[in-house]
Amino acid sequence: MTREEALDSIKANVENQNLVKHMLATEAIMRALARRLGEDEEEWGFTGLLHDIDVELTEEDMNTHSKLGADLARELGASETMAHAILAHNEAHGIPRETKLDKGLFCADPLTGLITAGALVRPDKKLAGLEAKSVKKRFKEKSFAAGVDRQQIAQCSELGLELDEFIELGLEAMKKIAPSLGL
Ligand SMILES: [Fe+2]
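Calculation criteria
- Residues numbered from 1 in each chain as written.
- Predicted model: local features only at pLDDT ≥ 70, side-chain atom pairs only at ≥ 80, totals over all residues.
- Heavy atoms only, no water.
- Helix = DSSP H or I, 4+ residues; strand = E, 2+ residues; numbered from the N terminus.
- Buried < 20%, exposed > 50% of the residue type's maximum accessible area, 1.4 Å probe, protein only.
- Contact = heavy atoms within 4.5 Å.
- Salt bridge = Lys/Arg side-chain N within 4 Å of Asp/Glu carboxyl O.
- Donors = N, O, S within 2.8 Å, 3.2 Å for Na, K, Ca; no water.
- Tetrahedral: all angles 85-135°; square planar, octahedral: opposite > 155°, others 65-115°.

Caption draft 1: The arrangement of the environment of G48 in detail. By the element assignment, G48 lies in helix α3 (residues 41-50). Residue classification places G48 among the buried positions, given a relative accessible area of 0%. Taking the C-alpha atoms as reference points, G48 and A128, separated by 80 residues in sequence, lie 22 Å from one another. Every residue in contact with G48, bar those within four places of it in the chain, is listed here: M23, T26, E27, M30 and L105.

Caption draft 2: Region of interest: the pattern of salt bridges. Following the criterion strictly, the structure yields 15 salt bridges and no others. For K103, the salt bridge is made with E158, and the minimal N-O distance between the two is 3.7 Å. Of this pair, K103 sits in helix α6 (residues 100-120) while E158 sits in the loop between α8 (150-154) and α9 (163-176), and the two are 55 residues apart along the sequence. In this structure, K136 and E168 form a salt bridge, with 2.7 Å as the shortest nitrogen-oxygen distance. With K136 in helix α7 (residues 132-140) and E168 in helix α9, this residue pair connects regions lying 32 residues apart in the sequence. Under the relative-accessibility criterion, E168 is labelled partly exposed at 35%. Each of the salt bridges in this network shares a partner with another, and the network as a whole consists of R3, E27, R31, R35, E41 and E42.

Caption draft 3: Focus on the coordination of the iron ion. Around the iron ion, the protein supplies H22 (NE2), H51 (NE2), D52 (OD) and D109 (OD) as donor atoms, at distances of 2.1 to 2.2 Å. Taken together, the four donor atoms coordinating the iron ion span angles of 81 to 170° at the metal, a pattern that classifies the geometry as irregular. According to the relative accessible area criterion, D52 is buried, its value standing at 7%.

Caption draft 4: Structural detail: unusual backbone geometry. In the Ramachandran plot, K125 falls in the positive-phi region, its phi being about 55° despite a non-glycine side chain. The residue K125 is located in the loop between α6 and α7 in this model. Phi angles above zero are rare outside glycine, and A145 is one such case at about 45°. Of note, A145 is situated in the loop between α7 and α8.

See below:
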């Protein structure tokens, strides 16, 4: 699949632009993670980009979310490894996270939310001036962006990454695509 084809499919299936931005941010972090870990950047990027493509189609029903998404990704040409990561990122299915790709998607997904919230409370609402140390502080503040699952982010340890490094990597990755995130 080409990135164009993936984006066309997202456009056809997702109306909420914040959800599109969330998938773009996840793609960026997944690519950076793959580079850091010496994994396949394309494979990781596409998995991040497509992982929530079915959220509107499944009306956020956690029992079907990511099953349909994995099917849509397969139709676009995703490998079984990629489809598995998409399936396993929704804990409702009880599918164990086995591969590095499974684990990468699981911890990258909520990090986008923490970083986005960190940018949005700044006076300029931009990522450019947001420092990693501020995101790390926000990570420890449970009431800040309370919906962001800290434990899930901290699972970066399963990839051999310290939390601090993971936050830095995620922030840098999102800064590089800040205009497409509207941040
Ligand atoms: Fe997500």
